[in-house]
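Here's the letter readout for the chains.
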Amino acid sequence: GGNVFVYDANSTELLYVLDKHEWSINQALFSPDGKLILTASGNTLRAFDLNTGKLEYSRRDHTAHIGSINFNPDANLLITALEYDAQGFSQTESKARIYNLEDGKPVHVLQGETVGINSIEYVIKNKFELISTNDSVAILWDCSKGKTKQEYFGHKGPVIDAICSTDLNFVFTA
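Residues numbered from 1 in each chain as written. Predicted model: local features only at pLDDT ≥ 70, side-chain atom pairs only at ≥ 80, totals over all residues. Heavy atoms only, no water.

**Here we look at the nonpolar core**
Turning to step 1, where the next piece is worked out: Counting 13 residues, the largest nonpolar core has Leu-38, Leu-45, Tyr-57, Ile-69, Phe-71, Leu-78 and Leu-101 as the members making the most contacts within it.
Turning to step 2, where the next piece is worked out: At the level of secondary structure, the elements contributing two or more residues to this core comprise strand E4 (36-41), strand E5 (44-49) and strand E7 (66-71).
Turning to step 3, where the next piece is worked out: Contact partners of Tyr-57, with chain neighbours within four places excluded, come to Leu-36, Leu-38, Leu-45, Arg-46, Ala-47, Leu-78, Asn-100, Leu-101, Glu-102, Asp-103 and Gly-104.
Turning to step 4, where the next piece is worked out: Core analysis: the second largest hydrophobic core is formed by 10 residues, Leu-77, Leu-110, Ile-120 and Val-137 among them. (Core = buried A, V, L, I, M, F, W, Y, C linked by side-chain atoms within 4.5 Å. Buried < 20%, exposed > 50% of the residue type's maximum accessible area, 1.4 Å probe, protein only. Helix = DSSP H or I, 4+ residues; strand = E, 2+ residues; numbered from the N terminus. Contact = heavy atoms within 4.5 Å.)

Now the structure itself:
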């Protein structure tokens, strides 16, 4: 499995090791409020208390490896997207999942017609999510209605990332 080593930045002293991971760590990051360390390992999302290293919650809802974690602008939700094989496809699912940051409880599952989700960015105070996919399209998802608002085509391969201007006048994809 993988480990996360937590050090004191000034003294370089090793404070503790987060070692409850069965797989290698795909991503580790701090929550926006600085209280949690979140990790993606295999198909499991884990949240640890930054001060103590205590496991606060663990979610194993995906059937494929989690490739990325992101937060909404209000810092109360987190979203997970999947990692893909060498051909750019998740072998088992095409979903992103949204969780309550504080307790890890599921809030919503984004499931489209796509073969895989590469990244998700929140737009305009959580009203929309911009999703980049492996099937050559970016999708602007209306969170309040739970459906697609717009689709952006033109790529000949996977859309790795997408961002949107705050006024929704421009979408950039790569």
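**Brief notes about the sheet that holds strand E6 (residues 55-59)**
Turning to step 1, where the next piece is worked out: Strands sit in the order E3-E4-E5-E6 across an open sheet of 4 strands; the sheet is antiparallel. The open sheet has two edge strands with one neighbour each: strand E3 (25-30) and E6. Neighbour-to-neighbour, the strand axes of the sheet open up by a mean angle of 15°, direction not taken into account.
Turning to step 2, where the next piece is worked out: Relative to E6, E5 runs antiparallel, the two sharing 4 bridges. When the sheet's bridge partners are listed, Leu-45 is paired in E6 with Arg-59. (Pairing = 2+ DSSP bridges. Axes fitted to C-alpha atoms, helices over the stretch in contact; angles between N-to-C directions.)

**Here's the deal with unusual backbone geometry**
Turning to step 1, where the next piece is worked out: One non-glycine residue, Thr-12, lies in positive phi territory at about 65°.
Turning to step 2, where the next piece is worked out: Among the secondary structure elements, Thr-12 is positioned in the loop between strand E1 (4-7) and strand E2 (14-18).

**Quick notes on the side chain of Ser-31**
Turning to step 1, where the next piece is worked out: Topologically, Ser-31 is positioned in the loop between E3 and E4.
Turning to step 2, where the next piece is worked out: We classify Ser-31 as buried; its relative accessible area is 3%.
Turning to step 3, where the next piece is worked out: A distance of 3.3 Å separates a polar atom in the side chain of Ser-31 from the backbone nitrogen of Lys-35.
Turning to step 4, where the next piece is worked out: Apart from residues no more than four positions distant in its own chain, Ser-31 is found in contact with Leu-36, Leu-38, Phe-71 and Leu-101. (Polar contact = N/O pair within 3.5 Å; in protein donor to acceptor, adjacent residues only side chain to side chain.)

**Some words on the pattern of salt bridges**
Turning to step 1, where the next piece is worked out: Per the counting criterion, the structure on display carries 3 salt bridges.
Turning to step 2, where the next piece is worked out: With its nearest N and O atoms 2.7 Å apart, the salt bridge here joins Glu-22 to Arg-60. You can see Glu-22 sitting in the loop between E2 and E3 and its partner Arg-60 sitting in the loop between E6 and E7, a full 38 residues away along the chain.
Turning to step 3, where the next piece is worked out: For Arg-59, the salt bridge identified is with Asp-61, shortest N-O distance 3.0 Å.
Turning to step 4, where the next piece is worked out: For Arg-59, a relative accessible area of 22% gives the class partly exposed.
Turning to step 5, where the next piece is worked out: Overall, the relative accessible area of 24% leaves Asp-61 in the partly exposed class. (Salt bridge = Lys/Arg side-chain N within 4 Å of Asp/Glu carboxyl O.)

**Quick word on the confidence of the model for the chain**
Turning to step 1, where the next piece is worked out: Residues of the chain with pLDDT of at least 70 account for 84%, and the chain-wide mean is 80.
Turning to step 2, where the next piece is worked out: Averaged pLDDT values for the elements of the chain fall to 70 in strand E11 (residues 117-123) and rise to 94 in E6.
Turning to step 3, where the next piece is worked out: This stretch, residues 86-90, has a pLDDT under 50; its non-local contacts, to residues over four places away or in other chains, come to 9 contacts. (pLDDT = per-residue confidence, 0-100.)

**Points about a positive patch on the surface**
Turning to step 1, where the next piece is worked out: A cluster of basic side chains, namely Lys-127, Lys-145, Lys-147 and Lys-149, defines a positive patch on the protein surface.
Turning to step 2, where the next piece is worked out: Position of Lys-145 among the secondary structure elements: in the loop between strand E13 (137-142) and strand E14 (147-153). (Patch = residues over 30% accessible without salt bridge, like charges linked within 9 Å, V, L, I, M, F, W, Y side chains within 5 Å. Areas by Shrake-Rupley, 256 points an atom, 1.4 Å probe, with all protein chains shown as cover. Lys, Arg positive; Asp, Glu negative; His and termini not counted. Charge placed at Lys NZ, Arg CZ, Asp CG, Glu CD.)

**Comments concerning the environment of Ala-28**
Turning to step 1, where the next piece is worked out: If you trace the backbone, Ala-28 turns up in strand E3.
Turning to step 2, where the next piece is worked out: Residue classification places Ala-28 among the partly exposed positions, given a relative accessible area of 43%.
Turning to step 3, where the next piece is worked out: Ala-28 sits 10 residues away from Leu-38 along the chain, and the two C-alpha atoms are 5.5 Å apart.
Turning to step 4, where the next piece is worked out: With near-sequence residues (within four places) excluded, Ala-28 lies in contact with Val-4, Leu-38 and Thr-39.

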